[in-house]
Amino acid sequence: MQQAVTTLMIGDVRVRALVDLDGYALDLAHVFPDASPEQIDPHRSWLEPTYIKDKELYLVVRSLVVEVDGRVILIDACVGEDKERPTRPLWNHRQASGYLERLAMLGLKPEDVDVVFCTHLHTDHVGWNTKLDNGRWVPTFSRARYLFGRKELDHWMAQPDRATVAGGALVDSVIPILDAKQADLVDDGHDLGKGLVLKGLYGHTPGQLGLDVRRGNDRALFVGDAMHSPLQLAMPELSTCFCTDKAQARATRMAFLEAAVEDKSWLVPCHFRGPLGSKIKRNGKGYLFAER
Ligand SMILES: [Zn+2]
């Protein structure tokens, strides 16, 4: 199941979706262990069938291709191909995903990408960083600088067994970029110019960074995995089973959701299916889509 190309304009900044995998199904109760069925049920009317259905949660895994003044920035590098991911059968030794063909449909070649920004270093955000070339992992985007959060990288590199970090992704999708000397380590507040600034969104992982875009009166915040599902608009207190620090993730999410209402900012999460951006409004203790 592949969705049509979607575009979001933030002033003159163009954002397009590059889908790696759509309709990825996860167990709803596993991802949101703190939400009872009784709490979820009232929201099914607007979440089904796109975002949840019965006991399943549906996600898209996509990169966001940001073009500003002729510069191409690819946010998050999805699952990739040929990677050994034994715990996720759909991702294990994956082939013929069509991702690079869809990049071509956007009129871009891998060498056209100037910057790859990984919001965090989970498996589904770094996969296309590298491709297999004669048995070696080499950068897929041959000319690009790759931006990794310093705090994020330090955390994962300090783990006692690097081979198991992010299901193997640190070793096959991150360290080869360091070895190729194409990585730049960045921090909260890093300025990419043109109104694009990286912003710490900690909690889902220790060093996750988002991207704040301001062009004229238009604003957007790319929030990475600070949210996984629109269910978290209705229940913003919900963190996922994937979050390293659920309480910190909750505080981060509640802060930027409130700011997004005040600033009339587009929110651009990685895993929401359908339109790229959402503006939101308050609704009781939570929020609702106001514009998409
Ligand atoms: Zn993710």
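Everything quoted here is computed from the prediction, not taken from an experiment.

J.: How should the sheet that holds strand E11 (residues 191-193) be read in this particular structure?
T.: Taken in spatial order, the five strands make up an open sheet running E11-E12-E13-E14-E15, and their pairing is mixed. This sheet does not close on itself; its edge strands, each paired only once, are E11 and strand E15 (266-269). Within this sheet the neighbouring strands show an average axis-to-axis angle of 20°, counted without direction. Across two bridges, the pairing between E11 and strand E12 (residues 196-200) is antiparallel. Its bridge partner being in E12, Asp191 is matched across the sheet by Val197.

J.: Can you help me understand the pairing of E12 in this one?
T.: Here is the key point about a regular strand: its side chains alternate between the two faces of the sheet. Here E11 hands over to E12 after two residues, with Lys194 in that stretch at a positive phi of 60°. Examined bridge by bridge, E12 and strand E13 (residues 209-215) share five bridges and lie antiparallel to one another. Within the sheet, the bridge partner assigned to Val197 lies in E13 and is Asp212.

J.: Would you mind going over the environment of Glu81 with me for this structure?
T.: As for its position among the elements, Glu81 is in the loop between strand E5 (71-75) and helix H4 (99-105). With 21 C-beta atoms packed within 10 Å, Glu81 lands in the buried category. Along the sequence, Glu81 and Arg71 sit ten residues apart, while their C-alpha atoms lie 26 Å from each other. Excluding anything up to four places from it in sequence, Glu81 contacts Arg94, Gln95, Ser97 and Lys131.

J.: Please clarify how the environment of Leu28 should be interpreted in this entry.
T.: The topology assignment puts Leu28 in helix H1 (residues 28-31). Judged by the 22 C-beta atoms lying within 10 Å of it, Leu28 falls in the buried class. Sequence separation of Leu28 and Lys83 is 55 residues, and the distance between their C-alpha atoms is 26 Å. The residues contacting Leu28, other than those within four sequence positions of it, are Ile52, Lys55, Glu56 and Leu57.

J.: For this particular structure, what's the right way to read the nonpolar core?
T.: Soluble globular proteins: nonpolar side chains tend toward being buried together. Of all hydrophobic cores here, the largest spans 82 residues; its most connected members are Leu64, Val116, Leu121, Val223 and Val268. Counting residues per element, this core draws most heavily on strand E4 (residues 56-68), at nine residues.

J.: I tried to follow helix H5 (residues 150-157) on my own but got confused; where do I start?
T.: Within the span of H5, buried status applies to Glu152, Leu153 and Trp156. For H5, the angular spread of buried residues about the axis comes to 95°, placing them on one side. On the buried face of H5, the contacting elements are strand E9 (145-149), helix H6 (169-179) and strand E10 (183-186).

About the criteria used
- Residues numbered from 1 in each chain as written.
- Predicted model: local features only at pLDDT ≥ 70, side-chain atom pairs only at ≥ 80, totals over all residues.
- Pairing = 2+ DSSP bridges.
- Helix = DSSP H or I, 4+ residues; strand = E, 2+ residues; numbered from the N terminus.
- Axes fitted to C-alpha atoms, helices over the stretch in contact; angles between N-to-C directions.
- Buried ≥ 20, exposed ≤ 12 C-beta atoms within 10 Å, placed from the backbone.
- Contact = placed C-beta atoms within 7 Å.
- Core = buried A, V, L, I, M, F, W, Y, C linked by C-beta atoms within 7 Å.
- Arc of directions from axis to C-beta.

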